[in-house]
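As a plain string of letters, each chain reads:
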Amino acid sequence: MKLIYQQMLAFFAVIITVIVVLGFSFIRTTKTMIYQNSWQQLQQYAASIEKEAIRYNTQTNQVVGFNQQFLNDGTVILRDQHIHFSVYDANKQVVYPTAETAGMTGGSFYEPRISSRDWKKLKQNKIITQSPHVTFRSRRHDRPVNTPALRTIDVLVPLFYKNGSTRQFVGAISIGSFEQTIQANEQQIENNLFIALLVSGVAALILSYIIARYSVRRINRLRNATHSVANGDFDIQVASHHKDEIDDLADDFNGMVSSLKKSDNEIKRQEKRRREFMADAAHEMRTPLTTINGILEGLAYDAIPEEDKGHSIELMQNETKRLIRLVNENLDYEKIRTGQIALNKTQFDGKEVLENLVEQLTKKAAASDDQFKLQVPAALPVWADYDRFVQVLFNIMQNAIQFSQENVIEVRAKRTEHAAVIAVQDHGIGMTPDQVKNIWERYYKADPSRKNTKYGESGLGLAISHQLVQQHGGSIAVESVVDHGTTFTITFPDEGHDQPINED
Ligand SMILES: Nc1ncnc2c1ncn2[C@@H]1O[C@H](COP(=O)(O)OP(=O)(O)O)[C@@H](O)[C@H]1O
Ligand SMILES: [Mg+2]
């Protein structure tokens with residue numbers, strides 16, 4: 001079943017249940033009220049009959065007669081209202097109506113039945129109310145007639161004669177009204193209620209359709225958005241007012257689309273990087289090979305003058321060394337990455353190492369008019385593989401020289417509770433955030449033309465440094481602003497405080 005129908009059905013069921021329950025209890029209450037009213041009214045009639053129409057003998061305290069005129073008038077008036085009554089004496093004998101004036105309805109006459117139990121109660125001055133029962137007797141067949149038209153509800157009122165302090169039971173009045181009259185009232189109420197039920201049913205149907213449509217529309221909007229995402233549109237966002245669960249779902253959906261977009265971008269970036277990697281690796285190999293090939297051809301065709309031959313061979317040797325270094329670094333990288341190298345960790349003084357490195361690189365720095373500035377505490381205990389530590393810092397400090405000109409390169413070192421932290425900051429060309437993302441990749445060079453070959457670098461330095469620091473359980477972070485410079489911060493944790501390697 002479609003959601004809209006499910007929701008409509010739910011609303012509809014609730015509303016109809018409420019109406020039916022309320023309706024039934026309403027009918028019950030009104031029914032009771034109608035009966036109570038009728039009994040009350042009958043009692044009032046009985047009271048006025050007692051007052052106006054009955055004559056007592058004050059000596060014998062017996063009912064001696066009736067105000068016949070009043071009774072006749074009253075009977076007619078009451079009969080018009082479909083009300084019948086009988087008067088009993090103290091011996092339970094009917095004294096009114098007499099045979100001649102018997103209340104006739106069609107071929108039947110009113111003959112209330114008073115059980116001996118009821119009679120006892122009457123003597124105790126109790127008023128008795130009776131639910132619908134047969135009080136009419138067919139004159140023709142002389143037996144009770146049991147049809148709603150001839151059933152009555154009755155009130156039995158005792159008659160007492162008060163003379164000073166004495167009270168004497170002198171008889172009773174039985175007065176009844178037709179059940180049919182009451183039922184007509186009931187029917188009217190039930191009809192009204194049925195119409196109300198019908199109207200509210202239709203209203204409920206319309207209302208539930210509107211409400212159901214509202215939520216179904218919102219769900220459909222989400223569904224369409226899902227289709228768009230499935231078709232590769234990661235820019236779609238669903239409106240949300242942060243009000244209910246569907247809004248929460250929309251928020252979650254938006255969050256999901258954002259992260260899908262991120263990973264989609266990441267996949268694209270890696271794909272692009274993979275293609276570049278192949279091209280870069282090929283380029284790094286081809287340059288020296290082309291040089292060597294050119295020289296070899298020259299030698300083969302004797303095209304190189306004798307005095308240049310020495311230089312040519314030297315050139316070939318250099319290029320071959322470069323190739324060997326490239327292959328070695330590559331192997332090194334793979335070994336480090338797969339954890340195949342054993343780190344020979346010891347504790348040593350980092351201050352001394354940094355001072356040595358600065359001294360070694362000062363000449364190189366001077367070539368690009370750079371100056372080192374070293375800030376290092378009096379003691380800088382470092383827990384690391386000595387050679388690898390030197391390799392990492394050499395790489396980073398050499399990069400600082402490579403990418404800055406006529407500036408200060410700051411090397412700051414400090415201790416935290418469980419680590420040695422070294423920052424190398426230059427004020428050189430800097431990098432864009434996109435470039436920063438790629439620097440840990442092999443062969444990556446931010447300079448796309450790869451012209452900067454003065455240092456014979458191949459884009460492996462940072463990739464190797466990154467892996468080395470990770471194998472030490474440390475971290476390497478970079479902050480960079482284009483044209484303002486770059487800061488690398490390397491953390492070497494103490495023994496027992498290394499962080500797990502985070503493979504990204
Ligand atoms: N201090 C720096 N300032 C600006 N760019 C840098 C810096 N260090 C590294 N880079 C960028 O990162 C790239 C990768 O560095 P690296 O792995 O050492 O390779 P290479 O030195 O062979 O270029 C460099 O080509 C350069 O684009
Ligand atoms: Mg480098």
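As recorded by an unreviewed UniProt entry, the protein carries the name histidine kinase and is attributed to Lactiplantibacillus modestisalitolerans. In its Catalytic activity (unreviewed entry) section, the UniProt entry covering the protein states "ATP + protein L-histidine = ADP + protein N-phospho-L-histidine."

Let us now look at helix α7 (residues 350-367). An ideal rise of 1.5 Å per residue puts 26 Å on 18 residues; α7 measures up with 26 Å between its terminal C-alpha atoms. In the structure, α7 departs most strongly from a straight axis at L361, where the bend amounts to approximately 40°. Taken residue by residue, α7 has G350, V353, L354, L357, V358, L361 and A365 as its buried positions. Where α7 is buried, its residues contact β11 (345-349), β12 (371-375), β13 (381-385), α8 (386-402), β14 (408-416) and β15 (419-426). One side-chain oxygen of the residue at the start of α7 lies 3.2 Å from the amide nitrogen of K351, identifying that residue as D349. Trailing α7 by a residue or two, D369 shows a phi angle of about 55°, which is positive.

Before going further, it helps to spend a moment on the site of ligand 1. The full set close to ligand 1 counts 17 residues, and N399, D426, E457, G459 and L462 are the nearest of them. Between N399 and ligand 1, the recorded distance is 2.8 Å, taken from a side-chain N or O atom to an oxygen atom. Separating a nitrogen atom of ligand 1 from a side-chain N or O atom of D426 is a distance of 2.8 Å. Computed on the free molecule, ligand 1 has an accessible area of 530 Å², of which 98% lies beneath the protein chains in the complex. Residues of the shell around ligand 1, tallied by class, amount to seven nonpolar, seven polar and three charged.

Glancing now at the nonpolar core. Within the largest apolar cluster, 45 residues are counted, with the highest numbers of intra-cluster contacts made by F372, V382, F389, L393, I396 and M397. For this core, the secondary structure elements donating two or more residues are α6 (306-337), α7, β13, α8, β14, β15, α10 (461-471) and β17 (485-493). Top contributing element to this core by residue count: α8, with seven residues. Two domains each donate at least three residues to this core, and these are domain 2 (245-334) and domain 3 (342-493). Core analysis: the second largest hydrophobic core is formed by 25 residues, I34, Y45, I153 and I173 among them.

Further remarks concern the packing of aromatic side chains. What characterises a pair of aromatic rings is the spacing of the ring centres plus the angle enclosed by the ring planes. Taken as a whole, this structure holds nine aromatic pairs when the rule is applied. Ring centres of F277 and Y443 lie 5.2 Å apart, and the angle between their planes is 50°; on these two criteria the pair is classed as tilted. With a gap of 166 residues between them, F277 in helix α5 (residues 245-300) and Y443 in the loop between α9 (433-438) and α10 connect regions that are remote in the sequence. Looking at F277, the relative accessible area reads 22%, which means it is partly exposed. Owing to a relative accessible area of 1%, Y443 belongs among the buried residues under this scheme. Counting every residue linked through ring pairs, the aromatic cluster contains Y88, W119, F160 and F169.

Our focus in this paragraph is α5. The terminal C-alpha atoms of α5 lie 81 Å apart, and with 56 residues this matches the ideal 82 Å at 1.5 Å per residue to within 8%. A bend of about 25° at R286 is the largest found in α5, and the proline P288 appears one to four places after it. Its side-chain oxygen at 3.3 Å from the backbone nitrogen of I246, D244 defines the N-terminal cap of α5. Residue D302 follows α5 closely and has a positive phi angle near 55°.

Bringing the side chain of R151 into the picture now. Note on placement: R151 falls in strand β9 (residues 151-163). Here R151 falls in the buried class, since its relative accessible area comes to 19%. Among the polar contacts listed, one links the side chain of R151 to the side chain of E179, at a separation of 2.7 Å. Apart from residues no more than four positions distant in its own chain, R151 is found in contact with P132, H133, V134, N146, S177, F178 and E179.

Moving on to the UniProt feature "domain: HAMP" (unreviewed entry) in the protein. UniProt's entry tags residues 213-265 with the feature "domain: HAMP" (unreviewed entry), counted in the numbering of this structure. In this annotation, residues 213-265 is assigned 74% helix and 0% strand; the end-to-end C-alpha distance for the span is 37 Å.

Parameters at a glance
Residues numbered from 1 in each chain as written. Chains lettered and ligands numbered in written order. Predicted model: local features only at pLDDT ≥ 70, side-chain atom pairs only at ≥ 80, totals over all residues. Heavy atoms only, no water. UniProt positions renumbered as here; feature names shortened; annotations may be inferred. Helix = DSSP H or I, 4+ residues; strand = E, 2+ residues; numbered from the N terminus. Expected span 1.5 Å × (residues − 1). Bend = angle between axes of the 7 residues up to and from the residue. Buried < 20%, exposed > 50% of the residue type's maximum accessible area, 1.4 Å probe, protein only. Contact = heavy atoms within 4.5 Å. Polar contact = N/O pair within 3.5 Å; in protein donor to acceptor, adjacent residues only side chain to side chain. Near = heavy atom within 4 Å. Areas by Shrake-Rupley, 256 points an atom, 1.4 Å probe, with all protein chains shown as cover. Nonpolar A, V, L, I, M, F, W, Y, C, P; charged D, E, K, R; others polar. Core = buried A, V, L, I, M, F, W, Y, C linked by side-chain atoms within 4.5 Å. Domains from an automatic or database assignment. Phe/Tyr/Trp six-rings, centres within 6.5 Å; stacked < 30°, edge-to-face > 60°.

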